[in-house]
Amino acid sequence: MTTRTAAAPNRTHWNSVLEATLVPALLVFAWQLWAMTLATDPRSPSPTHVATTFVDLVSNGGLIGATLQSLGRVVVGFGLALVCGVVLGLLMGSNRRIRDIFDPIVESFRPIAPMAILPVAILWFGTGTPAALSIVTYAAFFPLLVNTVHGVSRVDRKLVLAAMTMGVPRARILARVILPAALPSIMLGSRLAMGVAWTAIIAAELGVGAKSGGGGSGGIGQMMFVFYAYSIDLNAIVVCMIVVGVVALLIDRLFRFVEYRLMPWRH
Amino acid sequence: MNQETAMSKLRLRNVAKHFIAPRTGQLTTAVTDVNLDIETGEFVCIVGPSGCGKSTVLNLIAGLDTPTSGTIEANGAPIVAPGADRGVMFQDYALMPWMSVHDNIGFGLNYGTPGEGLTREQREKRIRHFVDLVRLNGSEKKYPHQLSGGMRQRVALARLLANGPDILLMDEPLGALDSQTRLILQVELLRIWGETAPREQRKTAIFITHDIEEAVFLGDRVVVMSTHPGRVKAIIPVDLPRPRSEHIRADPRFGQLSDEIWDLIRDEAYRAIDGTEAPAGPKATAVEKVE
């Protein structure tokens, strides 16, 4: 009995690891097979070439620096969007008048893709960090705003009434009742926003890089552009793609962890 | 103003509340002609079929809603807004799901007017006192979703009392509980309200319920309301001695009072179920009570 209960979690742990790695391993294997047999172009990427390119790119320092630069922009842009989105969302969600005033503007800007404001961003901010940052902030703002408004409008009205009967002032009800009650929605919005922010930064850096002819944006997106437009290095592009994917996965896991810590009552 | 009415803790005069449906614009009268005087330290129960405006009356006294006409006064001053002097216990408790038992009980003390002028230690001491009073020691760190219905109800009661309100307003607080827990908490509620204390030291309490026997067991008076429109049909004084124990249910007077109240509501109660008329029969005989 005791041995069984001790062994059980171990076995399930290994099972889940096996299940999670099975499909990727098969894909990599098939890819390698294709590169070694069917691929005719010598520049075709293969897992082994990608791996050596990865080591190269890390050791000459470019990849890590570029990734961190992109990540830094995402974090700052997300932070700006978080503050703006949550503050405006709380006001719009809790005050009908404010919602009526802002709703038409928000709803008409929301469908405009972040990349569509790229020309304007470049005109206003040039090709450096401010342009990329403005696009990331723009992209992350809407999921945060919409989910905050939704969360606030769905707050159990009884909780607000209860606070009122305990002599809690209005502003404090916003901070102590409405904000925590809407937190699950805000966290959902944050996760979505972080996802689109990370997508938008790569696209923005690619786009800005194209405009400036490899000039000044920096970041992993521009790195990809350089490999595409100048050295035509497919292996390096695949390395960048994988890094982007892995970073996105790590961000998502980090958010789940934060969610778990911020909302212990949900578990 | 004469001496007698000036002493009332709560005074409702010709109170009416109409609602306008947002889309159709149709006017409905929730309550009308409500006249009620409640004295200090009195425990008043309000019973009536659903839709009689019991909760509306409570919300008006709480200041969460304003009457369309008529006046409501507490201690001689008109009620214009919610205030911590009139504590409310909601039907589904309205506990903050993100807060522990301890923080829920201290909510008003930490963020509202009841905590003004108190140091952190004083507030903590007070929270401790009410945790003890409702017997929740050892569960302070739990969240509401980890508690049973009866425990949540105690948290709500402790939160209500920790704010030190002058008047307790309770909207079917025991409605969601199973009948055994309910009987136990009724006794406990009377103990906490101050049944054994002299009258002037007791809180003034208004308790809404749809359970007639609960109303008779708890109340000094039972206000019976009727529907269409919601109004006060009768006010029945409960002349049972205090302190009351579970055994008072065996008292013949308890049965008489319950029957008397049931007779006042039975027609409407039957109509509320499926539109049928109440079976005709001699009054106050064993009408089947669906409890």
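Each value, and the rule that gives it
- Residues numbered from 1 in each chain as written.
- Chains lettered and ligands numbered in written order.
- Predicted model: local features only at pLDDT ≥ 70, side-chain atom pairs only at ≥ 80, totals over all residues.
- Heavy atoms only, no water.
- Helix = DSSP H or I, 4+ residues; strand = E, 2+ residues; numbered from the N terminus.
- Rg over C-alpha atoms; globule rule 2.2 N^0.38 Å.
- Buried < 20%, exposed > 50% of the residue type's maximum accessible area, 1.4 Å probe, protein only.
- Lys, Arg positive; Asp, Glu negative; His and termini not counted.
- Charge placed at Lys NZ, Arg CZ, Asp CG, Glu CD.
- Contact = heavy atoms within 4.5 Å.
- Buried area = accessible area lost by both parts, 1.4 Å probe.
- Salt bridge = Lys/Arg side-chain N within 4 Å of Asp/Glu carboxyl O.
- Pairing = 2+ DSSP bridges.
- Axes fitted to C-alpha atoms, helices over the stretch in contact; angles between N-to-C directions.
- Polar contact = N/O pair within 3.5 Å; in protein donor to acceptor, adjacent residues only side chain to side chain.
- Parallel < 35°, antiparallel > 145°, perpendicular 65-115°, else oblique.
- Left-handed = near helix turned anticlockwise from the far one by under 90°.
- Nonpolar A, V, L, I, M, F, W, Y, C, P; charged D, E, K, R; others polar.
- Patch = residues over 30% accessible without salt bridge, like charges linked within 9 Å, V, L, I, M, F, W, Y side chains within 5 Å.
- Areas by Shrake-Rupley, 256 points an atom, 1.4 Å probe, with all protein chains shown as cover.
- Domains from an automatic or database assignment.

A closer look at the overall build of chain B
The helix and strand tally for chain B stands at nine helices and 10 strands. For 291 residues, the compact-globule estimate of 2.2 N^0.38 gives 19 Å, and chain B sits close to it at 20 Å. Overall size of chain B, expressed as C-alpha extent along the three principal axes, is 60 × 45 × 45 Å. Each of the 291 residues in chain B was classed as buried or not, and the buried ones make up 52%. Placing the 34 positive and 38 negative side-chain charges of chain B at their respective mean positions leaves the two points 4 Å apart.

Some points on the overall build of chain A
Along its length, chain A carries 10 helices and zero strands. Ordered by position in the sequence, the α and β elements of chain A form the string α-α-α-α-α-α-α-α-α-α. When the backbone C-alpha atoms are referred to their principal axes, chain A occupies close to 75 × 70 × 30 Å. The 267 residues of chain A split such that 40% are buried. A distance of 14 Å separates the average location of the 20 positive side-chain charges in chain A from that of its 11 negative side-chain charges.

Quick word on the interface of chain B and chain A
Taken together, the contact pairs 24 residues of chain B with 19 residues of chain A. Note on chain B versus chain A: buried area summed over both sides is about 1,900 Å², and carbon and sulfur give 71% of it. Of all residues in chain B, Phe90, Trp98 and Tyr111 of chain B give up the largest surface area on contact with chain A, accounting jointly for 34% of the area buried on that side. At the surface where chain B touches chain A, the tally comes to one salt bridge. The closest approach of N and O atoms between Asp92 of chain B and Lys158 of chain A, which form a salt bridge, is 3.3 Å.

A closer look at the sheet that holds strand 10 (residues 231-237) of chain B
Residues and elements named next belong to chain B. What the six strands build is an open sheet, ordered 6-7-8-3-9-10; its pairing is mixed. Edge strands, defined here as strands with exactly one partner in the open sheet, are strand 6 (86-89) and strand 10. Each adjacent strand pair in this sheet contributes to an overall mean axis angle of 20°, direction not counted. One ladder, built from five bridges, connects strand 7 (residues 167-171) with strand 8 (residues 204-208); its direction is parallel. Directly across from Asp171, in strand 8, lies its bridge partner Ile208. The sheet strands contacting helix 2 (residues 54-62) are strand 3 (43-47), strand 6, strand 7, strand 8 and strand 9 (221-226), and the helix crosses strand 7 at an angle near 150°.

Digging into the sheet that holds strand 5 (residues 77-78) of chain B
Residue and element names in this part refer to chain B. On the basis of which strands lie adjacent, the open sheet formed by four strands has the order 2-1-4-5 and antiparallel pairing. Every other strand in the sheet has two partners, leaving strand 2 (27-38) and strand 5 as the edge strands with one partner each. Against the sheet, helix 2 engages strand 1 (10-20), strand 2 and strand 4 (69-74), with an angle of about 115° to strand 1.

Examining the side chain of Arg242 of chain B
Residues and elements named next belong to chain B. Locating Arg242 in the fold gives a position in the loop between strand 10 and helix 9 (252-274). Among the polar contacts listed, one links the side chain of Arg242 to the side chain of Glu195, at a separation of 2.9 Å. Only 2.6 Å separates the side chain of Arg242 from the backbone oxygen of Leu218, close enough to count as a polar contact.

So, the packing of helix 4 (residues 96-109) of chain A against helix 6 (residues 129-153) of chain A
All names here are of chain A. It is at 12 Å that the axes of helix 4 and helix 6 come closest, and there the two elements cross at 140°. Accordingly, the angle class assigned to the pair helix 4 and helix 6 is oblique. Helix 4 and helix 6 meet at a crossing whose hand is left-handed. For the pair formed by helix 4 and helix 6, the contact residues are Arg99, Val106 and Phe109 on the first element and Tyr138, Phe142, Leu145, Val149 and Ser153 on the second. Tallied by class, residues from the contact of helix 4 with helix 6 come to six nonpolar, one polar and one charged.

Considerations on the packing of helix 9 (residues 219-231) of chain A against helix 10 (residues 234-262) of chain A
All names here are of chain A. Here helix 9 crosses helix 10 at 160°, and the two axes come no closer than 9 Å. Here helix 9 is positioned roughly antiparallel relative to helix 10, judged by the angle of their axes. Considering the relative orientation of helix 9 and helix 10, their crossing is left-handed. Along its contact with helix 9, which presents Ile220, Met224, Phe227 and Tyr228, the element helix 10 presents Ala236, Ile237, Cys240, Met241, Val243 and Val244. A breakdown of the residues in the contact of helix 9 with helix 10 according to their chemical character gives 10 nonpolar, no polar and no charged.

Focus on a nonpolar patch on the surface
Residues and elements named next belong to chain A. Residues Ile101, Phe102, Ile105, Phe109 and Ile112 make up a contiguous nonpolar surface patch of about 430 Å² in total accessible area. As for its placement among the helices and strands, Phe102 is situated in helix 4. Under the relative-accessibility criterion, Phe102 is labelled partly exposed at 31%.

What about the domain arrangement of chain B?
All names here are of chain B. Domain annotation for chain B reports domain 1 (3-85 + 166-274) and domain 2 (95-165). Put simply, the middle of domain 1 and the middle of domain 2, counted by C-alpha atoms, are 25 Å apart. Contacts between the two partners involve 16 residues from domain 1, matched on the other side by 15 residues from domain 2. For the pair domain 1 and domain 2, the summed buried surface comes to about 1,200 Å²; carbon and sulfur atoms form 65% of the total. Looking at the side of domain 1 facing domain 2, the largest losses of area belong to Ala84, Arg191 and Ile192, adding up to 37% of the total buried there. Close ionic contact of Glu188 with Arg154 constitutes a salt bridge, the shortest N to O distance being 3.7 Å.

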